[in-house]
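# Inside the fold
Below are the chains, spelled out letter by letter.
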Amino acid sequence: MAATRPAVIALTALAPVSWGSTYAVTTELLPPDRPLFTGLMRALPAGLLLLALARVLPRGAWWGKAAVLGVLNIGAFFPLLFLAAYRMPGGMAAVVGSLGPLLVVGLSALLLGQRPTTRSVLTGVVAAFGVSLVVLEAAGGLDPLGVLAAVASTASMSTGTVLAGRWGRPDGVGPLALTAWQLTAGGLLLAPLALLVEGAPPALDGPAVGGYLYLALANTALAYWLWFRGIGRLSATQVTFLGPLSPLTAAVIGWAALGEALGPVQLVGMALAFGATLAGQRAPRGRTVAVAASFDSASRNDRKDSMDLMGPALRR
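What you see is a predicted model; the values in this text were computed from it and never measured.

Each value, and the rule that gives it
- Residues numbered from 1 in each chain as written.
- Predicted model: local features only at pLDDT ≥ 70, side-chain atom pairs only at ≥ 80, totals over all residues.
- Heavy atoms only, no water.
- Helix = DSSP H or I, 4+ residues; strand = E, 2+ residues; numbered from the N terminus.
- Buried < 20%, exposed > 50% of the residue type's maximum accessible area, 1.4 Å probe, protein only.
- Contact = heavy atoms within 4.5 Å.
- Areas by Shrake-Rupley, 256 points an atom, 1.4 Å probe, with all protein chains shown as cover.
- Core = buried A, V, L, I, M, F, W, Y, C linked by side-chain atoms within 4.5 Å.
- Axes fitted to C-alpha atoms, helices over the stretch in contact; angles between N-to-C directions.
- Parallel < 35°, antiparallel > 145°, perpendicular 65-115°, else oblique.
- Left-handed = near helix turned anticlockwise from the far one by under 90°.
- Nonpolar A, V, L, I, M, F, W, Y, C, P; charged D, E, K, R; others polar.
- Phe/Tyr/Trp six-rings, centres within 6.5 Å; stacked < 30°, edge-to-face > 60°.
- Lys NZ or Arg CZ within 6 Å of the ring centre and 35° of its normal.
- Patch = residues over 30% accessible without salt bridge, like charges linked within 9 Å, V, L, I, M, F, W, Y side chains within 5 Å.
- Salt bridge = Lys/Arg side-chain N within 4 Å of Asp/Glu carboxyl O.
- Expected span 1.5 Å × (residues − 1).
- Arc of directions from axis to C-beta.
- Polar contact = N/O pair within 3.5 Å; in protein donor to acceptor, adjacent residues only side chain to side chain.

## A short note on the overall build of the protein chain
When its secondary structure is counted, the protein chain shows 15 helices and 0 strands. In the protein chain, buried positions account for 50% of the 316 residues. Of the contacts formed within the protein chain by residues at least 6 apart in sequence, a portion of 88% connects residues at least 24 apart. Counting only carbon and sulfur atoms, one obtains 69% of the accessible surface of the protein chain, whose full area is about 14100 Å².

## With respect to the environment of Pro79
If you trace the backbone, Pro79 turns up in helix 5 (residues 77-87). For the pair formed by Pro79 and Ser153, sequence separation is 74 residues and the distance between their alpha carbons is 8.3 Å. Leaving out residues up to four positions away in the same chain, Pro79 has contacts with Pro35, Leu36, Ile74 and Leu190.

## Some thoughts on the nonpolar core
Of all hydrophobic cores here, the largest spans 41 residues; its most connected members are Trp19, Trp181, Tyr224 and Trp227. In terms of residue count, the dominant contributor to this core is helix 11 (residues 206-233) (6 residues). For Trp227, the contacting residues outside a window of four places in its chain are Thr12, Ala15, Pro16, Trp19, Met157, Thr161, Val239, Thr240 and Leu242.

## Let's talk about the packing of helix 2 (residues 22-29) against helix 11
Interaxial distance between helix 2 and helix 11 falls to 9 Å at its minimum, and their mutual angle equals 160°. Taken together, the axes of helix 2 and helix 11 lie roughly antiparallel to each other. Two packed elements cross with a definite hand, and for helix 2 against helix 11 that hand is left-handed. Seen from helix 2, the contacting residues are Thr22, Val25 and Leu29; seen from helix 11, they are Pro207, Ala208, Gly211, Tyr214, Leu215 and Asn219. Considering only residue class, the contact of helix 2 with helix 11 consists of 6 nonpolar, 3 polar and no charged.

## Structural notes on the packing of aromatic side chains
Within the structure shown, the criterion is met by 7 aromatic pairs. Counting every residue linked through ring pairs, the aromatic cluster contains Trp19, Phe77, Phe78, Tyr224, Trp227 and Phe228. Looking at Arg42, its charged tip hangs above the ring of Phe78, at a distance of 4.2 Å from the centre.

## A look at unusual backbone geometry
The phi dihedral of Asp33 is positive, around 55°, even though this residue is not glycine. Note that Asp33 resides in the loop between helix 2 and helix 3 (35-54). The phi dihedral of Arg55 is positive, around 55°, even though this residue is not glycine. Tracing the sequence through the fold places Arg55 in the loop between helix 3 and helix 4 (62-75).

## As for the packing of helix 5 against helix 9 (residues 144-167)
Running from N to C, helix 5 and helix 9 point in directions that differ by 150°, and their axes come no closer than 8 Å. Taken together, helix 5 and helix 9 sit at an angle that is classed as roughly antiparallel. Note on packing geometry: the crossing formed by helix 5 with helix 9 is left-handed. Seen from helix 5, the contacting residues are Phe77, Leu80, Leu81, Leu83, Ala84 and Arg87; seen from helix 9, they are Leu145, Gly146, Ala149, Ala150, Ala152, Ser153, Ser156 and Met157.

## Focus: a nonpolar patch on the surface
Together, Leu49, Leu53, Leu204, Val209, Leu213 and Leu217 give the surface a local cluster of nonpolar side chains, amounting to about 510 Å² of exposed area. Looking at the nonpolar patch, the elements that each hand over two or more residues are helix 3 and helix 11. The leading source of residues in the nonpolar patch is helix 11, at 3 residues. Mapped onto the secondary structure, Leu217 falls in helix 11. Residue class for Leu217 comes out partly exposed when judged on its relative accessible area of 45%.

## Some remarks on helix 14 (residues 264-279)
Between its first and last C-alpha, helix 14 extends 22 Å over 16 residues, near the 22 Å set by a 1.5 Å rise per residue. What helix 14 keeps buried is the set Gln266, Gly269, Met270, Ala273, Ala276 and Thr277. The buried side chains of helix 14 occupy one side of the element, clustering within an arc of 130° when seen end-on. Among the exposed residues of helix 14, those pointing more than 90 degrees away from its buried face are Pro264, Ala271 and Leu278.

## Details of the side chain of Thr220
Within the fold, Thr220 resides in helix 11. In this structure Thr220 comes out as buried when scored by relative accessible area, which is 0%. Among the polar contacts made by the side chain of Thr220, one reaches the side chain of Arg42 at a distance of 2.7 Å. Beyond its immediate sequence surroundings of up to four residues, Thr220 is in contact with Arg42, Ala46, Phe78, Leu183, Leu215 and Trp225.

These results come straight from atomic positions and should not be treated as a statement about function.
The structure is reproduced here in structure tokens:
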């Protein structure tokens, strides 16, 4: 029996909630200044584990598609994300990341032919404003390289999210295999880069080992499976509007575990960002819903349909 849309949204939301813990784990448990190695340790073990569980390899054009998605969602995104986390306060990185919904709205218009609506643009602006109220008070000074890395990581993940929605999944392939392909491809890209740029792996103590295990299993393998599962069942815009849950979770963790303050301004910002997240889950109307529903049905029934999102309809 297929899950209801609220259940799909709730499960997909667990991914950005998990990602909200990344900054605290990175700064409190992991070796400093190792963005490539940290990205590698997060991606490759998770990818190989899921690949062993799925036992499905790409075929035909999907070798290239999986590589592109792996670079955008993993291979480029992870090291840029950790570089931003190492070089600038988590608050500023979170504000840049909160622009993701607006990027996805624009990219969906460019790549999927989905005309932006006033509601989606305003919701994206409110979400970014709410996140800024939560985190900017203690953001501190700007590091140019950190800002550039945060912008690039957001753009990379946003592009990967839209392309994943456009390409869907091959016939008979579930989200577990698709997630495994991307994590493995991204991890294989990071392995030689980490060795060439950062040298030999650092010595790891107990907290670092625990941190990497958490990042690889819960924060990546499970969270990305839920994320790509959601992309296959919801619109790219709906999925990306769950993104503000990540900085909100980070703020709550900072308050509960790291002794950071949450004043009235931060609470108002959290309410605005959370409200925008809920508003972003309203199902899009018209052709987009029909296309998503038709493709999801075709994928479950192993039909030979293809997605022509730039044209008027699906073609058999």
